[in-house]
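What the coordinates show
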Amino acid sequence: MEHSQTAKEIIHLVGGEENIQSVIHCMTRLRFNLYDKEKVDRTKLEGVDGVLGTNLSGEQFQIIIGNDVPKVYKEIIANTNLKEESSNEKKESKKNIISALFDVISGVFTPILPAIAGAGMIKGLLALADTFGWLSDTSQTYIILSALGDGAFYFLPLILAVSAARKFGSNPYIGAAIAAALLHPDLKALFAIGEPISFIGLPVTIATYSSTVIPILLAIWIASYVESWIDRVTHASLKLIVVPTLTLLIVVPVTLITVGPLGTILGDYLSVGINFLFENVGVLAMILLSGTFSVIIMTGMHYALMPIMINNITVGGFDYMIPAMFLANMGQAGAAFAVFLRSKNTKFKSLAMSTSVTALMGITEPAMYGVNVRLKKPFIAALIGGAAGGAFYGLTNVAAYILGGNAGLPGIPTFIGPGMNFGYALIGLAISFIVATVVAYLIGFEDVPQESSVTAPAEETGDKKTVSDLSGEGVVSPLTGEINPLSKVNDPTFSEGIMGQGLAIEPTEGIVVSPVSGKIVTLYRSLHAIGIKSDNGAEILIHVGIDTVQLNGKYFTKHIEEGAVVKPGDQLVSFDIEGIRSEGYELTTPIIITNSDSYEMITPIKTDGSIERGSDLMTLVAEGN
């Protein structure tokens, strides 16, 4: 990469120097505040040598560069009159209200998805057992399994309260106490009487809170402000008693009198409105939603639909939007399969086939970004395939009756419902896959040329290394915590594999150690990100948390310097888990092999469960070994 030329092209394509209000950089990307984002040519930017991708986060336009970001940033400053700023300064900028809303919804719902997905699958399997007569709905086994499946949904406000409190920066246990009060059986019994209810003379509107979404979100949002204010004005010696007591005394009655009924009504109207749309213009609505759902996912707007989907099923019993997600995924799988059939590039052909299979399983990012978007025309074919399946679903009124948690083949119990719903659902999935495959195959694409050699990133001297110079090696875990796939990271730079392959760890201990023998090539000033080059040539990024660059090093302590030689297990940095979470930041930590293209295989030792720092995490095998 010619950093000077890259910098000049970036300046031009973001609208010129006159359109740049300020620019800073973090470990992997340039962060621009622009006067007019409409002047940005994102398509051309993503084709610039050295640019891995772009992202819009609130009012900040980000260009993903990778390890060379400091050099590109330096050239931008050198070629403009812009002032060099510390990228560690925490900048207060006005957030677009829609972006802020998406961020909140994503932050609240993403952590609870495993719980409701697991419960949803149990409900699906139970419905299957009931349909085929494997279990009687009066048997004790059925009743226990029913409790397993329904529990998470009945007490959904309780689960949401904990997650929302963490997102809003308040005490999650106070949040749980608020939800518990709303779900208390005595309160439910009082509502069931049907007589007028009052609290200290103020009327209480009768509402149902079990299985609802919006009332508890509004309640916890208010609680975050109430708790914060009480905490500020209360003496330290009294906080343990006064803060939770007053928060509960204020928030629960306010919720019962005003917020709760309003949230319930709003949720009901949303469900009724969406169902009315699908039931009256169902074909058109389903075609549009299924044909554009992949684009919606790319923009992050699907997070705004998540609470509506959950509310539809928990309150109304069914949802029409979840099927659209299934169809979009089948379209991506079909388009990638067509690439497998047509491509002459042996390596890319293998990639297309493997990503097609993973898309069928409901994980579409590899197919979408690694194959279809890259070749452009297959992505269009995928959208057409989704729309074709949507037309069939619209005609047959296919709906989702269970929250299965996976919009792929493992999640098909989602469609178990009355009549022919399940059978029609399977036919629609096949239509999306087949149409996308046929369209992608017929319209073709510009194939990826067969590569005779691949080069890995250069050493600091500027020399190139070929893949054959790299050997296979093992990488140990730099953290103790819970393993997650990158697709679950709440940042598209990592979840979409733009920076490379790897894993993420949700830390349970605030210590980062070296995963390999090598050299610390980058230690960011905010200490949230560390770049290591192993003795065998692997380039590894450890990025503690999401957007923790904004903390400016607060809660972090370094134990090494940039340029230090390290071996596996050497302590690099430590951090205060609770302190970082109290500021509202996620601690999910991606461990990325940034020169992934240099390896034939990057194989995780395991993809979920707990892991101790120093335990084997993944193996890297270079081509030719």
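Note that the structure is a prediction, hence the values are computed from the model and not measured. (Residues numbered from 1 in each chain as written. Predicted model: local features only at pLDDT ≥ 70, side-chain atom pairs only at ≥ 80, totals over all residues. Heavy atoms only, no water.)

1. Focus on unusual backbone geometry
Stated precisely, the cut-off is as follows: Think of it this way: any DSSP run of H or I at least four residues long counts as a helix, any run of E at least two long counts as a strand, and we number them from the N terminus. Accessible area is worked out with a 1.4 Å probe on protein chains only. A residue is then buried under 20% of its type maximum, exposed over 50%, and partly exposed in between.
Phi at Asn 552 is positive, roughly 60°, even though this residue is not glycine. Among the structural elements, Asn 552 can be located in the loop between strand E15 (539–543) and strand E16 (556–558). Among the residues examined, Asn 552 registers a relative accessible area of 46% and is labelled partly exposed. In this structure, Tyr 555 takes a positive phi of about 80° despite not being glycine. For Tyr 555, the position within the fold is in the loop between E15 and E16.

2. Digging into the pairing of strand E19 (residues 589–593)
For clarity, the cut-off: A pair of strands counts as paired when DSSP detects no fewer than two bridges linking them.
Burial runs high along E19: 5 of the 5 residues are buried. Side-chain alternation along E19 places Thr 589, Ile 591 and Ile 593 on one buried face and Pro 590 and Ile 592 on a second face that is also buried. Here E15 pairs with E19 via 3 bridges, running antiparallel. Across the sheet, Ile 542 pairs through a bridge with Ile 591, a residue of E19.

3. Some thoughts on the packing of helix H7 (residues 156–168) against helix H8 (residues 172–182)
Test applied: Every axis corresponds to a line fitted to the C-alpha atoms, with the helix fit spanning only the stretch in contact, and the corresponding angles, defined between N-to-C directions, vary from 0 to 180 degrees. Each angle gets one of four labels, with under 35 degrees taken as roughly parallel, over 145 as roughly antiparallel, 65 to 115 as roughly perpendicular, and the rest as oblique. Left-handed describes a crossing whose near helix is turned anticlockwise from the far helix by less than a right angle; the clockwise case is right-handed. Contacts: residue pairs with any heavy atoms within 4.5 Å of one another.
Direction vectors running N to C along H7 and H8 enclose 150°, while the axes themselves pass 8 Å from each other. The pairing of H7 with H8 is recorded here as roughly antiparallel in orientation. The hand of the H7/H8 crossing is right-handed. Residues Pro 157, Leu 158, Ala 161, Val 162, Ala 165 and Arg 166 of H7 touch H8, and the partners they reach there are Pro 172, Tyr 173, Gly 175, Ala 176, Ala 179 and Ala 180.

4. Re the sheet that holds strand E12 (residues 511–513)
Strands sit in the order E12-E18-E16 across an open sheet of 3 strands; the sheet is antiparallel. The sheet terminates laterally at E12 and E16, the two strands that pair on one side only. The average angle at which neighbouring strand axes cross in this sheet is 20°, direction not considered.

5. Overview of a nonpolar patch on the surface
What counts is decided by this rule: Here a patch means residues that are over 30% exposed by relative accessible area and free of salt bridges, tied together within 9 Å if like-charged and within 5 Å if nonpolar (Val, Leu, Ile, Met, Phe, Trp, Tyr). For the area figures, the Shrake-Rupley method with a 1.4 Å probe applies, and any residue is considered shielded solely by the protein chains shown. Any Lys or Arg side-chain nitrogen found within 4 Å of a carboxyl oxygen on Asp or Glu counts as a salt bridge.
On the surface, a cluster of nonpolar side chains totalling about 560 Å² of accessible area is made up of Leu 341, Ile 434, Val 438, Tyr 441, Leu 442 and Ile 443. Ranked by the residues each element gives to the nonpolar patch, the list is headed by helix H18 (residues 421–443), at 5 residues. Its location among the elements puts Tyr 441 in helix H18. Judged by its relative accessible area of 39%, Tyr 441 is partly exposed.

6. Side note on H7
For clarity, the cut-off: Any helix carries an expected span of 1.5 Å times its number of residues minus one.
Between its first and last C-alpha atoms H7 spans 18 Å; for 13 residues at 1.5 Å apiece the expected length is 18 Å, and the two agree. Every buried residue of H7 is accounted for by Leu 156, Pro 157, Leu 160, Ala 161, Ser 163, Ala 164, Ala 165 and Lys 167. After H7 finishes, the residue Gly 169 shows a positive phi value of roughly 80°.

7. Overview of the environment of Gly 194
Relative to the assigned elements, Gly 194 resides in the loop between helix H9 (185–193) and strand E5 (197–199). Classification of Gly 194 by relative accessible area gives exposed; the value is 55%. Sequence spacing of Gly 194 and Ile 206 is 12 residues, and the spatial spacing of their C-alpha atoms is 8.2 Å.

8. Comments concerning the pairing of strand E11 (residues 501–507)
For a regular strand, the rule is simple: side chains alternate between the two faces of the sheet. With 5 of 7 residues buried, E11 lies mostly within the body of the structure. The sheet contact formed by strand E10 (residues 481–484) and E11 spans 4 bridges and is antiparallel. In the strand pairing of E11, Ile 483 is matched with Ile 505. Two strands pair when backbone bridges link them, and E11 and E19 are joined in this way by 5 bridges, in the antiparallel orientation. Of the residues in E19, the one forming a bridge with Ile 505 is Thr 589.

9. Focus on helix H10 (residues 214–233)
Here H10 spans 30 Å end to end across 20 residues, near enough to the 28 Å set by a 1.5 Å rise per residue. Taken together, the buried positions of H10 are occupied by Ile 214, Pro 215, Ile 216, Leu 217, Ala 219, Ile 220, Ala 223, Ser 224, Val 226, Glu 227 and Ile 230.

10. Concerning the sheet that holds E10
Read across the open sheet, the 8 strands follow the order E17-E13-E14-E15-E19-E11-E10-E21; overall the sheet is antiparallel. If you trace the sheet from one side to the other, it starts and ends with strand E17 (565–566) and strand E21 (609–611), each paired once.

11. Focus: the nonpolar core
Quick note on the threshold: Residues belong to one nonpolar core when they are buried, are Ala, Val, Leu, Ile, Met, Phe, Trp, Tyr or Cys, and are joined through side-chain atoms within 4.5 Å.
Residues Ile 178, Ile 216, Leu 256 and Tyr 393 are the most contacted members of the largest nonpolar core, which totals 71 residues. The dominant element in this core, judged by the number of residues it contributes, is helix H14 (residues 321–342), at 9 residues. The next biggest cluster of nonpolar side chains, apart from the first, holds 35 residues, and it includes Ile 530, Ile 580, Ile 593 and Leu 620.

12. Describing the pattern of salt bridges
This structure, assessed with the given rule, holds 9 salt bridges. Glu 509 is the salt-bridge partner of Arg 613, the closest N and O atoms lying 2.7 Å from each other. Here the residue Arg 613 occupies a position in the loop between E21 and strand E22 (616–622), and Glu 509 occupies one in the loop between E11 and E12, the gap between them amounting to 104 residues. Here Arg 613 falls in the partly exposed class, since its relative accessible area comes to 36%. Each of the salt bridges in this network shares a partner with another, and the network as a whole consists of Glu 506, Glu 578 and Arg 581.

13. Overview of the packing of H14 against helix H15 (residues 346–360)
The criterion, for reference: The classification used treats Ala, Val, Leu, Ile, Met, Phe, Trp, Tyr, Cys and Pro as nonpolar, Asp, Glu, Lys and Arg as charged, and all other residues, Gly among them, as polar.
Across the interface, H14 lies against H15 with an axial gap of 8 Å and an inter-helix angle of 160°. With respect to their mutual orientation, H14 and H15 come out roughly antiparallel. Our pair here, H14 against H15, has a crossing hand that is left-handed. From H14, Asn 329, Met 330, Ala 333, Ala 336, Phe 337, Val 339, Phe 340 and Leu 341 reach across to H15, where they touch Phe 348, Lys 349, Ala 352, Met 353, Thr 355, Ser 356, Ala 359 and Leu 360. Across the contact of H14 with H15, the residue classes tally to 12 nonpolar, 3 polar and 1 charged.

Function-wise, these values are silent; they only describe arrangement.
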